[in-house]
Each structure stands twice: as C-alpha cells, then as structure tokens.
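One-letter residues, chain by chain:
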Amino acid sequence: MPSDGPPPPPPPPATAGGQGHRPDAGDRDAAATAAATTSDWLEGTAPTAAVDPARPFATPRRLHPASVLLGVPLAQAVQALIFPVVATLAAPLWLTLLLLMVVAIIGLIVRLLDWRMRTFSFDGEVLRVDHGILSRNHRSLDVGRIQQVEIQRGAIQRVFGLAAIRVETAGSAAEPEVDLRVVPEEDAVALRAAVRASQQRLKGRATADESDQEADEEGEEVLTVPMSHVVIAAVTGARLLVLPAVIGGALQFVGNQVGPFVDDVIDQMIELGLAAGETPTVSGPDWRLVAVAAAGLLLLSVVAAIVVSVLRDGNFRIRRVDEDLYVSRGLLSTRDSVVPLRRVQLVEVKRNWIRRVLGFATVRIRSAGGSTGGEGRVTVPLLPVSEVDRLLSEIMPNVDGVPVLHSHPPQALRRSLFRWLRPATLLVAVVWLAPVVLPFVDDAGLIVDARPWVLLLLPINAVLAVVEYRQLAHGLTELVVAARSGALSITTALAPVVKVQAVTSRRSLFQRRLGLTTVLVHVAGPGALVTVLDAGRDAAARLHARLSEHAASPTPVVTPAQDAAGPQATGTPQDAADGPADARSAPAGATRQPDPRP
Amino acid sequence: MGWGQGGPVTIQAGDEIPRPGLDDRERELAPAVITSWRISSGLSWLLPGAMAIGLAVVIGPPWTWLVLVLLLGLVLFSVVFYPPMRFRRWRWQLTDLAIELRYGVLLHRRETVPYFRIQQIDIAAGPVDRLLELASLQVTTASASGSASLPGIAAEQAPQVRAELLARAATAVAEHPGDLRDAV
C-alpha cells in the first residue's frame, strides 16, 4: 500500500534527545557529576578521568549521542525501512506497522550498542578508533599518513551544532579510513586543528597551538566563487541531467514496484478524460503533449540543476593557511576539506564547449585519498579562464600556471580521425546493411528512414577529430608535467613531477608506423593519470626518460621564496616512509648521493 | 617447495644492505613461461571450442566446417605460435634508478617503476607455474595503475629479485631527505 509510505523513524528516545548534554570544555564538570548519578553509558564521553587540557583528545571518548540517529546516512535508514513495507505490501496494514516497529527497534538497539562501543582518541601522533559490538576493531592511524581531513555538516547536523569528520589516507579505496559521525562541531574543528598542528610538528615547524585554531578561521583568501558563477555552472554542466536521471530511475523503480497501481491510475485518468487514452498507440503519440512535456521537463531540469548546485556549491571558498588549502562549500549542509598542498597529486582544468565560449573553466584538485568517488575531490565549480593560472600557482607553489604546451605531430591527426570515424563508420555500415541482410528486423522501415541522418555522423565526427587533434599537447617543466586532450570537453591535467609514481609508454602497430607514442604518467590515487596521447616518438622518449628520472629521485627545486616557507626547507627524518623500507629507521641527516651503486 | 632462501628482509640503520648483486643487463623471462602461456591459453579455449563443436554436431549448417577451421586456426595460433612471439618480445632490466619492462607483440609497452616508489612486492605462483618451477613477481606503487609485473621468472630467482628490489628501494629512500621520503 504505497500511499501509506514508510512512517517517519520513531521519535528519538531519551538518550538521543539530550542535545544540550554535550560534554564541552564548559560543562565537562557537570557531565562528570552527572555521570555519578545517571548510569554512565548514557553520557557522551567514555568514563574517564580528568581531561588533559593540552591534549583534549588523548583519552578515548565517544561520539555525540545523537550519532545513534545521525550516524547512518538518511538514505540507508530509509532503505532499511522500505524493505518491510515492500515485503508486506499484500498484508494488512497492522502487520506492516508491526514489522516496521520491530525493524526500527532492532535498528535503534544496534545503533545504541554501536555508539556505546565506539570510541576515538588522538594523542598527538596516532588517531585511534575502536569499534565493533561483537567483534572488536581497533584502528590506529599515524598522523603522517593522513592525506585529507574533511568536516561535513548536514542540514540537520547544523541545527544541533554537530559535524562529521572524515579522514582520508592514500590507501582508502571505497570509504574514508576514519569516519566519525557525529561529534560536536567544536570538537570536530579542534580535532582537525590538533591533527594539523602535529603534522606541522612532524615537519619540524613548531607552531603555537593557540594560534592554530585562529588560523582555522583566518588564512589567506585564494578563491571565492560568486553565486552567479555557481548558477552558470549549473546550467552549463552535467548537472542538467540530474533531474532526468532521477525521474528515469524513479520511474523504473516505481514501474517495478507498483506498476499495476500506476496502470490503474492511468486507466482512471483515461476514464475521466484527463489523459488522451481514447486512441492508444494507433495514432501514435500526441506530439503537442510530448512537446509540452519536454519543455516542462527541460525547465524543471534547469531549475533542479540550479537548486542542487546552489545548495552544494554555494559559498564556495578556498583559503590557504600556511601549507594547507581549506576548501569550504555548501549552503544548507556544508563541507570543509583541508588538502595539504604537498598532498596534491593531480589538478585537472576542464572546459566543455559552452564554458569555453563563455570563458569559464572548472578545476578539480585530487589528493591521493581515494574514498571520494567524485564527491570529495575538491572541484571548483566555475571560474574565469583568466583566473586559472593564478589558482594553479596557489595550489602548486612555484608553478606559474599551465606550462608551455607543445602540440603533437601531424600524424596524430590520422590517429584522431581513425578513433572518431571508426565507430561512426561501423554504425553507418550497420544501418545501411542491416535492412538488406536481415529484412525482418526493420518491419516498420525505421532504420531505412534513419539512413541519411546517420550519414551526418561522418562529417561531424571528422570535425571533432580535427578539434581533438588541435587540442593534443603536452608540456614538462622542472616542477610539473601537463597534458591536454579532449574534443567536446577539453581537459588539461597537471601533476607535480615529485608525485610521479611510474611511467608507461605504449605504441600500437599503427602508432609505430606513424612514429607516435602514448605516454601514461601515473600518480597516486584511483584513476589518477596524466595521459599524453600520440606524442611524437622522440619527444615521448625524452618525456619518459626525464619523468622516470624525476620519479626515481625527486629533487626539490628550492627557490628563494620557497626557502623561507617551503616544506622542503626542513630535513627531519620523522616523516614516515611507507615504502618497504619502513623497517629502516634512517640515520638523521642522511646525505644524498647521486648514485652510490657501482 | 617454499619461497626459496630469501626470507624476511630486516634492515637496521647503518647496516650494510644485503644485495644479491643482480647487474643491470637486459633479462628475458624464464623460457618455461612459454609452456605456461600455452597451457593457460589452451585451457581458455576449451569451453568455447567445446561449445562450437557441440553446436556444429547439433545444428550442423552447411558452413560448419568453415567455422571449425577458423576456430582451429585461432587455437593453433594462440597456443603454438603466439606464446613464443610474446616471449621473444619480453625484456626486463634493473637499471640504475628503476625496474624497466619492455614487452608486447602488437602493442609495445615500456614500463618504468622507480625503486624509490615501490610500495609492495608480491611473489605468486599458480599450480601450473609451480609444476614448471616458475613464479610471477608484482611490484606495486602508490598509484593504482602504475605497477609492474614479471609474469614468469624462475622460481628460485624470484626471492633474489625481490631482495635486490627491496635493497635498491631502501637505498633510494635513504638517499632522500625526510620530507621527500614520503613517496605519496
């Protein structure tokens, strides 16, 4: 009975309602005395002794009690409740409600136990999280391995002053290494500041802990994206497709779940004369209706794209505090990421053709933290092309922007034409031959009708091939390697040379004939790759050689400016090497020898 | 048969790093890898081959023999002729700074993985490889796509190669000041 829908999750029990009960610095004493009277596991903090004010996270503590409810994503909770509804669609209502109650109560108990058993602590070097109801899990994360710390505040969380902390390492593939949902917002900020402070200490830069929290709020403004740009980004980007996709998905879901019900409604509408059902399928679709529906959908898509974009990317701001980029965005639910500059692996400047005409680009910054899957990579929604170089120089110190790019030899055009025309030719061949070879597939003659239109693909793709060829280029400086490609959407990928992990060159039979080579430059992170497509053979060989040399022995280029502030200026051996040589504690002041091997 | 005499590698500060002393000349894979490739590609043809023959027996259109001949030709090529071609193209080399692989018959590849970037080294041997006394060695970096794998080297050589790679990686890391030592 879909009209009933799943009832809202049951109201929070007394435990989760205690929002005013936060164990802040302020009422920690009050909480301590309260612990004596109430049973201690209802309290936000784990039962511990006094808290060291210098290292507030040294003793294990629990998440905020509200995480019983807010600790799971809403979608997941709804999904858990949808199942009993769907399973008992045919059963009487009271059974559905009963089942819902049972599922909700079990879920609540599990969440409560999970909250009780989950503690975290940070002693200045290691972030520890212990969790698990039956099988216990202890996770220790060395501060040197942290790639990115993100504070996320959902709309509901913001109402109650709560936030989630997500910590990423280079290894985290599917989900963040540590995901603390939810903690009081000031704890989240303090924890991030503490992590940052000890990262600074590791780098040998003693910063006063006090000024650090201030720095969180201040810092040097790098970029602010005005709301008008967010709107332009919405109507010129892929988010226009969000609504059609959602509607399509919903229709499919609805069709599968309550198809008969919808059919009933349509039948009723036809009876009432609300829908043109009198002459179904025979006269074909009513084109006026289709046109109106399409226009409506288009309008709705634009509105939806704008709303989604403004909510997500409104107030987009990048600040730079010392060596870290602070990126914040979002109108209702906000997201604050910190990307240490030295962790930036890849920067992609993208322009689709509409944005090119308008003179805009988007910039995507990737660190090695992998969990992000499009979400947590930092993407600047839109900025004027003239600003790109300045932003790049802020992200990658000493890089003045996109380096000089060298275009590829004319033979690359032939490959480009081949790449674009091959699929088009195949399609044309199928469309022209299919009705001849297998006449029965085209009873209605639709394919024959489409023949001339398909031919249009050939010139269009040829033009696109030329466009793509003209974009192909690559460049290499002492600091950065860059490559440009793409026809409809042009991407310029830049990777710091110090981050190059490995280099691969590939030459197919045709490439060998044309004297071309494709070079793949690998950096850390899922799918993080700079692809130099169809470079000239000799240029590619030089690129391969120079990049592997850089990758094998990264030499920092110390300019006077960097000498003062750069991370390379210090040489403490503390920074953990997570290579196989981990077991070796290197002698301090290890000197570099160019090549000690015989 | 175990993993050979390599054993766990522990390196203390100031230690002379043990090094099997593999020089930097170009190397081939172990010739037995041809047999291994033959067996694996032969096995991979079993199912489609059986299906094709079954279909031919059951349906048996007049041009069945053509399909079967084509199939036989493909099998013959991929089992008899292709593996030696592949072997002849395979070279690997421990250069000054990196392990370098060159291989590929139609698509020539050249992969360079610097010792400094090595995160993990795996040795693996399937049942066929174990019969042929082969092992494969996989070198992983922090990049998902940028890893190198040696598909068939002599099983008793694999631990040596690993030890050599580890030693070179340790040296490369020790050569760098602390800040740069973190390869990610």
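Conventions and cut-offs
- Residues numbered from 1 in each chain as written.
- Chains lettered and ligands numbered in written order.
- Predicted model: local features only at pLDDT ≥ 70, side-chain atom pairs only at ≥ 80, totals over all residues.
- Helix = DSSP H or I, 4+ residues; strand = E, 2+ residues; numbered from the N terminus.
- Buried ≥ 20, exposed ≤ 12 C-beta atoms within 10 Å, placed from the backbone.
- Contact = placed C-beta atoms within 7 Å.
- Pairing = 2+ DSSP bridges.
- Axes fitted to C-alpha atoms, helices over the stretch in contact; angles between N-to-C directions.
- Expected span 1.5 Å × (residues − 1).
- Domains from an automatic or database assignment.
- Nonpolar A, V, L, I, M, F, W, Y, C, P; charged D, E, K, R; others polar.
- pLDDT = per-residue confidence, 0-100.
- Parallel < 35°, antiparallel > 145°, perpendicular 65-115°, else oblique.
- Left-handed = near helix turned anticlockwise from the far one by under 90°.
- Core = buried A, V, L, I, M, F, W, Y, C linked by C-beta atoms within 7 Å.

1. Points about the overall build of chain B
(1) Moving on: For chain B, the helix and strand inventory stands at 5 helices and 6 strands.
(2) Moving on: Sequence-ordered secondary structure for chain B, helices as α and strands as β, is α-α-β-β-β-β-α-β-β-α-α.
(3) Moving on: For chain B, with 184 residues in total, the buried portion stands at 34%.
(4) Moving on: A sequence separation of at least 24 residues applies to 61% of the contacts in chain B between residues at least 6 apart.

2. Quick word on the sheet that holds strand E16 (residues 473-476) of chain A
Residue and element names in this part refer to chain A.
(1) Moving on: Taking strand neighbours across the sheet as the criterion, the 7 strands line up as E14-E13-E12-E18-E17-E16-E15 in an open arrangement whose pairing is antiparallel. On the outer flanks of this sheet lie strand E14 (378-384) and strand E15 (406-407), each paired with one strand and no other.
(2) Moving on: As judged from the 2 bridges shared by E15 and E16, these two strands associate in the antiparallel manner. The partner of His406 across the bridge, within E16, is His474.
(3) Moving on: Lying over the sheet, helix H9 (residues 227-236) contacts strand E12 (344-352), strand E13 (360-367) and E14, oriented at roughly 105° with respect to E14.

3. Considerations on helix H18 (residues 537-552) of chain A
(1) Moving on: With 16 residues, H18(A) ought to run about 22 Å at 1.5 Å a step, and its terminal C-alpha atoms sit 22 Å apart, in line with that.
(2) Moving on: Of the residues making up H18(A), those classed as buried are A:Ala540, A:Leu543, A:His544, A:Leu547, A:Ser548, A:His550, A:Ala551 and A:Ala552.

4. Points about the sheet that holds strand E3 (residues 108-114) of chain B
(1) Moving on: The 6 strands are arranged E21(A)-E20(A)-E19(A)-E3(B)-E2(B)-E1(B) in an open sheet whose pairing can be described as antiparallel. At either margin of the open sheet sits one strand with a lone partner, and together these are strand E21 (529-536) of chain A together with strand E1 (91-94) of chain B. Ignoring which end each strand starts from, the neighbouring axes of this sheet average 15° apart.
(2) Moving on: Here 6 bridges tie strand E20 (residues 516-522) of chain A to E21(A), and the two strands are oriented antiparallel to one another. Within the sheet, the bridge partner assigned to A:Thr517 lies in E21(A) and is A:Ala535.

5. With respect to the domain arrangement of chain B
All names here are of chain B.
(1) Moving on: Per the domain assignment, the segments of chain B are domain 1 (34-86) and domain 2 (91-176).
(2) Moving on: Computed from C-alpha coordinates alone, the two centres of domain 1 and domain 2 are separated by 32 Å.
(3) Moving on: On the side of domain 2, 6 residues touch domain 1, which itself brings 6 residues to the contact.
(4) Moving on: Take the side of domain 1 that touches domain 2: its biggest share by element is 4 residues, from helix H1 (residues 32-58).
(5) Moving on: Considered class by class, the residues forming the side of domain 1 that touches domain 2 number 2 nonpolar, 3 polar and 1 charged.

6. Points about the confidence of the model for chain B
All names here are of chain B.
(1) Moving on: Predicted confidence across chain B gives a mean pLDDT of 85, with 86% of residues reaching 70 or more.
(2) Moving on: Overall, residues 1-6 carries pLDDT values under 50, and its contacts beyond four positions in sequence, including any with other chains, amount to 13 contacts.
(3) Moving on: Across the interfaces of the predicted complex, the ipTM metric reaches 0.85, alongside a pTM of 0.73.

7. Details of the packing of helix H4 (residues 74-87) of chain A against helix H5 (residues 93-117) of chain A
Residue and element names in this part refer to chain A.
(1) Moving on: For the pair H4 and H5, interaxial distance at closest approach is 9 Å and the crossing angle is 155°. It follows that H4 is roughly antiparallel to H5 by the angle criterion. As H4 packs across H5, the resulting crossing turns out to be right-handed. Facing H4, whose interface residues are Ala80, Leu81, Pro84 and Val85, H5 presents Thr96, Leu99, Leu100, Val103, Ala104 and Gly107.
(2) Moving on: Residues of the contact of H4 with H5, tallied by class, amount to 8 nonpolar, 2 polar and no charged.

8. Brief notes about the packing of H1(B) against helix H2 (residues 64-89) of chain B
Packed helix pairs are characterised by how far apart their axes lie and by the angle those axes make with each other.
Residue and element names in this part refer to chain B.
(1) Moving on: In contact at an axis separation of 9 Å, H1 and H2 are set at 170° when each is read in the N-to-C sense. Judged on the interaxial angle alone, H2 and H1 are roughly antiparallel. Residues Val33, Ile34, Trp37, Arg38, Ser41, Gly42, Trp45, Gly49, Ala52 and Ala56 of H1 touch H2, and the partners they reach there are Thr64, Val67, Leu68, Leu71, Val75, Ser78, Val79, Pro83, Pro84, Arg86 and Phe87.
(2) Moving on: Residues belonging to the contact of H1 with H2 are distributed by class as follows: 14 nonpolar, 5 polar and 2 charged.

9. Digging into the pairing of strand E7 (residues 178-184) of chain A
Regular strands show a simple pattern: their side chains alternate between the two faces of the sheet.
Residue and element names in this part refer to chain A.
(1) Moving on: Burial of E7 is extensive: 5 of the 7 residues sit out of reach of the surface.
(2) Moving on: Relative to E7, strand E6 (residues 162-169) is paired through 5 bridges, and the arrangement is antiparallel. Bridge pairing in E7 places Leu162 opposite Pro184.

10. Things to note about the nonpolar core
(1) Moving on: Among the nonpolar cores identified, the biggest contains 127 residues, and A:Ile165, A:Val481, A:Ala495 and A:Val521 are the most heavily contacted of them.
(2) Moving on: In terms of residue count, the dominant contributor to this core is helix H4 (residues 158-174) of chain B (11 residues).
(3) Moving on: Leave out the neighbours within four places in its chain, and A:Val481 touches A:Leu476, A:Ala495, A:Val497, A:Val500, A:Val521, A:Val530 and A:Leu547.

11. A few points about the environment of A:Leu240
Residue and element names in this part refer to chain A.
(1) Moving on: Here Leu240 shows up in the loop between H9 and helix H10 (242-272).
(2) Moving on: The class for Leu240 is partly exposed, based on 17 C-beta atoms found within 10 Å.
(3) Moving on: Distance from Leu240 to Gln157, taken between C-alpha atoms, is 28 Å for residues 83 residues apart in sequence.
(4) Moving on: Beyond its immediate sequence surroundings of up to four residues, Leu240 is in contact with Val235, Ser301, Val302 and Ala305.

12. Overview of H4(B)
(1) Moving on: Along its 17 residues, H4(B) runs 24 Å from first to last C-alpha, staying within 8% of the 24 Å computed at 1.5 Å per residue.
(2) Moving on: With 15 of 17 residues buried, H4(B) lies mostly within the body of the structure.

13. Some points on unusual backbone geometry
(1) Moving on: The omega torsion across A:Arg181 and A:Val182 is -10°, close enough to zero to call that bond cis.
(2) Moving on: By the element assignment, A:Val182 lies in strand E7.
(3) Moving on: Even without being a glycine, A:Asn398 presents a positive backbone phi close to 75°.
(4) Moving on: One non-glycine residue with positive phi stands out, namely B:Glu133, at about 55°.
(5) Moving on: With respect to the element layout, B:Glu133 can be found in the loop between helix H3 (127-131) and strand E5 (134-140).

14. A look at the environment of A:Gly536
Residues and elements named next belong to chain A.
(1) Moving on: Of note, Gly536 is situated in strand E21.
(2) Moving on: What makes Gly536 buried here is the crowd of 20 C-beta atoms within 10 Å.
(3) Moving on: Through-space distance from the C-alpha of Gly536 to that of Arg166 is 44 Å; in sequence the pair is 370 residues apart.
(4) Moving on: The contact partners of Gly536, leaving out residues within four places of it in the chain, are His408, Pro409, Gly515 and Leu516.

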